[in-house]
Amino acid sequence: MRSSVKNKIIWTIALPIIFGNLAQTLIALTDTAFLGRVGEVELGAAAMGGLFYICIFTIAFGFSTGSQIVIARRNGEGRYADVGPVMIQGVFFLLVMATMLFGFSKAFAQPIMGVMISSDKILDATMEFLDWRIFGFFFSFVNVMF
């Protein structure tokens, strides 16, 4: 196989992964651009809340990467009928995980963030941000399976 064909195959696989990982960075950039005009407290809250969200999201991302490896293996072996069950089980597992981490965040985000944030104003704003942001667990956890 020629080098240019190999490079094309690699870029065909790599580009969707690159764009998928770029999405979180673009969200953070948009938050900074808009919230920087609102106030320092809101900007700090979005930054701290975003970091908390990314830490939790990384758990789901790791599981989905493992599932995708199993799916790719089944596909490479020509066992196409075995791809669907892995995908469905992965989605259900991630929905259960999202529910558990949503509950964990509701119960323990305040004390965890309280250790890291010294300003009461920023802590209150961070918790207000997270009260809405953690609903994204259900959507983003399933999305990473695709």
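For clarity, every value in this text was computed on a predicted model and none was experimentally measured.

1. Focus on the layout of surface pockets
Move 1: What the largest pocket holds in volume is close to 630 Å³.
Move 2: The wall of the largest pocket is formed by 19 residues, among which Ile17, Gly20, Asn21, Phe61 and Val144 lie closest to the centre.
Move 3: Looking at the lining of the largest pocket, the elements that each hand over two or more residues are helix H1 (3-38), helix H2 (40-76) and helix H5 (136-143).
Move 4: Its residues placed into classes, the lining of the largest pocket shows 10 nonpolar, 9 polar and no charged.
Move 5: As a volume, the second largest pocket reaches approximately 190 Å³.
Move 6: The dominant element in the lining of the second largest pocket, judged by the number of residues it contributes, is H2, at 6 residues.
Move 7: By residue class, the composition of the lining of the second largest pocket is 8 nonpolar, 3 polar and 2 charged.

2. Details of the pattern of salt bridges
Move 1: This model, assessed by the stated rule, comprises 4 salt bridges.
Move 2: Two residues, Lys106 and Asp131, come together in a salt bridge whose shortest N-O distance is 3.8 Å. Separated by 25 residues along the polypeptide, Lys106 in helix H3 (residues 83-116) and Asp131 in helix H4 (residues 120-133) bring together distant segments of the chain.
Move 3: Since its relative accessible area comes to 44%, Lys106 is described here as partly exposed.
Move 4: Overall, the relative accessible area of 36% leaves Asp131 in the partly exposed class.
Move 5: Each member of the salt-bridge network shares a partner with another, and the members are Arg73, Glu77, Arg79 and Asp82.

3. Remarks on the packing of aromatic side chains
Move 1: The full count for this structure, using the stated rule, is 8 aromatic pairs.
Move 2: Plain terms: the ring middles of Tyr53 and Phe57 are 6.3 Å apart, the flat faces sit at 10 degrees to each other, and that makes the pair stacked. Here Phe57 and Tyr53 lie together in helix H2, a separation of 4 residues that amounts to about one turn.
Move 3: For Tyr53, a relative accessible area of 2% translates into the label buried.
Move 4: For Phe57, a relative accessible area of 10% gives the class buried.
Move 5: One aromatic cluster is present, formed by Tyr53, Phe57, Phe61, Phe137 and Phe141 through successive ring pairs.
Move 6: It is Arg133 that lies over the ring of Tyr53; its NZ or CZ is 3.8 Å from the centre.

The rules we used
- Residues numbered from 1 in each chain as written.
- Predicted model: local features only at pLDDT ≥ 70, side-chain atom pairs only at ≥ 80, totals over all residues.
- Heavy atoms only, no water.
- 1 Å grid on protein atoms, 1.4 Å probe; cavity = no way out; pocket = protein on both sides within 12 Å on 5 of 7 lines; lining within 4 Å.
- Points joined across faces, edges and corners; volume = space filled by probe spheres on them.
- Helix = DSSP H or I, 4+ residues; strand = E, 2+ residues; numbered from the N terminus.
- Nonpolar A, V, L, I, M, F, W, Y, C, P; charged D, E, K, R; others polar.
- Salt bridge = Lys/Arg side-chain N within 4 Å of Asp/Glu carboxyl O.
- Buried < 20%, exposed > 50% of the residue type's maximum accessible area, 1.4 Å probe, protein only.
- Phe/Tyr/Trp six-rings, centres within 6.5 Å; stacked < 30°, edge-to-face > 60°.
- Lys NZ or Arg CZ within 6 Å of the ring centre and 35° of its normal.

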